[in-house]
Amino acid sequence: NVSIEEFELPKTLKVTLRPYQRIGYTWLKLLEQNNINGCLADDMGLGKTIQTIVLLLSSAEANGFAVGSGKTSLIVVPTSVIHNWGAELARFAPMLNFLIHHGTQRTKFYSKILAYHIVITSYGTLRNDIELFRQINFNYVVLDESQNIKNPFSKVYRAAVMLNTKHSINLSGTPIENSLLDLWAQMNFLNRGMLGSPRWFRNEFQNPIEKNSDKDKEVQLQHIISPLILRRTKEQVVNDLPPITEQVIYCEMEETQKKVYESEKSKVRNSIIDSFEKNGVEKSSIHVLTGLTRLRQLANHPAM
């Protein structure tokens, strides 16, 4: 029963949200207002990153863009998307200064971390630097691809639950990958104890649902967690999405590359024909795949 007009968008935001993203931001603000932590579980490609950036920007504006203990936020991400987060922060929320805490040159002093609105780090770095991070009181801790902490007995999960923060948000299009224990770990990070201990959860929900297909237990678990998980699929928000565009770009080989490719193509063709004659077509499939792979690598770049 919450109207999207209840929470204003940040004044310094440099992007226009789609309607479902505005609803997602409102939902995140509602959690913040009630001191509850939740998981944004939209399908991949629906903008979990931008919805989170708007939330962090809103919080920073409310604090007068101050930094320091209780105001700096931490975003933990897979290594492959560290720079993507930095690029989107710079593009959509330029008023937020951020630090990428990763690599051999990263700081060892928490005072330097507290000089920024946002700190971006990887799960591996969080695990290795937890003694540094646990000294800090964060405003928000955001776990992107939060299924990375799905194993409650792993070092990265233990590091995550050591963090001190006012608010927590998980982002994951696939919060359950292997078993319901994945869900327990992520929900326990967000709201400690809400699903009991791992043993209690296993006996109360996991075993009855996974082993006995107990529908009553499944409905009961969904009832408990549904207020804390917001998931939209592409099919549900298709009317809010821009039309699909396709762009085909043809890239011609340079002359030197073309000569090498043509030479190799002749060798591959002769080799395949020879294999057909000696072994027959059915027994030559690996030979064909090997040749195609080699030609594809040459087409990309001869160095491959």
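Residues numbered from 1 in each chain as written. Predicted model: local features only at pLDDT ≥ 70, side-chain atom pairs only at ≥ 80, totals over all residues. Heavy atoms only, no water.

## Comments concerning the overall build of the protein
Along the backbone of the protein there are 12 helices and 7 strands. The globule rule puts the C-alpha radius of gyration for 304 residues at 19 Å, and the 25 Å found for the protein is more than 25% above it. Across the 304 residues of the protein, 43% fall into the buried class. For the protein, long-range pairs separated by at least 24 residues make up 69% of all intrachain contacts whose partners lie at least 6 apart in sequence. Seen as two clouds, the 35 positive and the 30 negative side-chain charges of the protein have centres 7 Å apart. (Helix = DSSP H or I, 4+ residues; strand = E, 2+ residues; numbered from the N terminus. Rg over C-alpha atoms; globule rule 2.2 N^0.38 Å. Buried < 20%, exposed > 50% of the residue type's maximum accessible area, 1.4 Å probe, protein only. Contact = heavy atoms within 4.5 Å. Lys, Arg positive; Asp, Glu negative; His and termini not counted. Charge placed at Lys NZ, Arg CZ, Asp CG, Glu CD.)

## Observations regarding the pattern of salt bridges
Pairing between side chains of opposite charge can happen when the charged atoms of each approach one another. Taken as a whole, this structure holds 12 salt bridges when the rule is applied. The salt bridge partner of Lys29 is Glu32, with a shortest N-O separation of 2.7 Å. Of this pair, Lys29 and Glu32 both sit in helix 1 (residues 19-33), separated by 3 residues, roughly a single helical turn. In this structure Glu32 comes out as buried when scored by relative accessible area, which is 17%. A salt bridge links Glu262 to Lys265; the shortest N-O distance between them is 3.3 Å. With Glu262 and Lys265 both in helix 11 (residues 255-279) and 3 residues apart, the pair spans about one turn of that helix. (Salt bridge = Lys/Arg side-chain N within 4 Å of Asp/Glu carboxyl O.)

## Section: the environment of Ala66
Tracing the backbone shows Ala66 in the loop between helix 2 (48-62) and strand 2 (73-77). Sequence spacing of Ala66 and Gln33 is 33 residues, and the spatial spacing of their C-alpha atoms is 19 Å.

## Quick notes on the packing of aromatic side chains
Tallied over the full model, the rule gives 4 aromatic pairs. Taken together, a centroid distance of 6.3 Å and an interplanar angle of 40° make the contact between Tyr157 and Trp184 tilted. Within this pair, whereas Tyr157 is found in helix 7 (residues 155-162), its partner Trp184 is found in helix 8 (residues 180-190), the two being separated by 27 residues in sequence. In this structure, Tyr157 and Trp184 share a single accessibility class: buried. Joined through ring pairs, the aromatic side chains of Trp200, Phe201 and Phe205 make up one cluster. (Phe/Tyr/Trp six-rings, centres within 6.5 Å; stacked < 30°, edge-to-face > 60°.)

## Describing the pairing of strand 5 (residues 137-144)
Most of strand 5 is tucked away: 7 of the 8 residues are buried. The sheet contact formed by strand 2 and strand 5 spans 3 bridges and is parallel. Bridging across to strand 5, Val76 finds its partner in Leu143. Two elements, strand 5 and strand 6 (residues 164-171), share 7 bridges in a ladder whose sense is parallel. Bridging across to strand 6, Leu143 finds its partner in Asn170. Each parallel crossover has a hand, and the one from strand 5 via helix 7 to strand 6 is right-handed. (Pairing = 2+ DSSP bridges. Right-handed = clockwise from strand over helix to strand, strands pointing away.)

## Thoughts on a nonpolar patch on the surface
Where nonpolar side chains cluster on the molecular surface, the patch consists of Ile286, Leu289 and Leu292 and spans about 320 Å² of accessible area. Residue placement: Leu292 occurs in helix 12 (residues 285-300). Assessed through its relative accessible area of 48%, Leu292 is described here as partly exposed. (Patch = residues over 30% accessible without salt bridge, like charges linked within 9 Å, V, L, I, M, F, W, Y side chains within 5 Å. Areas by Shrake-Rupley, 256 points an atom, 1.4 Å probe, with all protein chains shown as cover.)

## Things to note about helix 7
Those residues of helix 7 that fall on the buried side of the exposure criterion are Val156, Tyr157, Ala159 and Ala160. Burial along helix 7 is one-sided: seen end-on, the buried residues are contained in an arc of 160°. Of the surrounding secondary structure, the elements contacted by the buried residues of helix 7 are helix 5 (123-128), helix 6 (130-133) and helix 8. (Arc of directions from axis to C-beta.)

## Here's the deal with helix 11
Because an α-helix completes one turn every 3.6 residues, residues spaced three or four positions apart along the sequence face the same direction. The end-to-end C-alpha separation of helix 11 is 36 Å, in line with the 36 Å expected for 25 residues at 1.5 Å each. Taken together, the buried positions of helix 11 are Gln257, Tyr261, Glu264, Val268, Ile272 and Ser275. Phi for Gly280, located one or two positions after helix 11, is positive at around 85°. (Expected span 1.5 Å × (residues − 1).)

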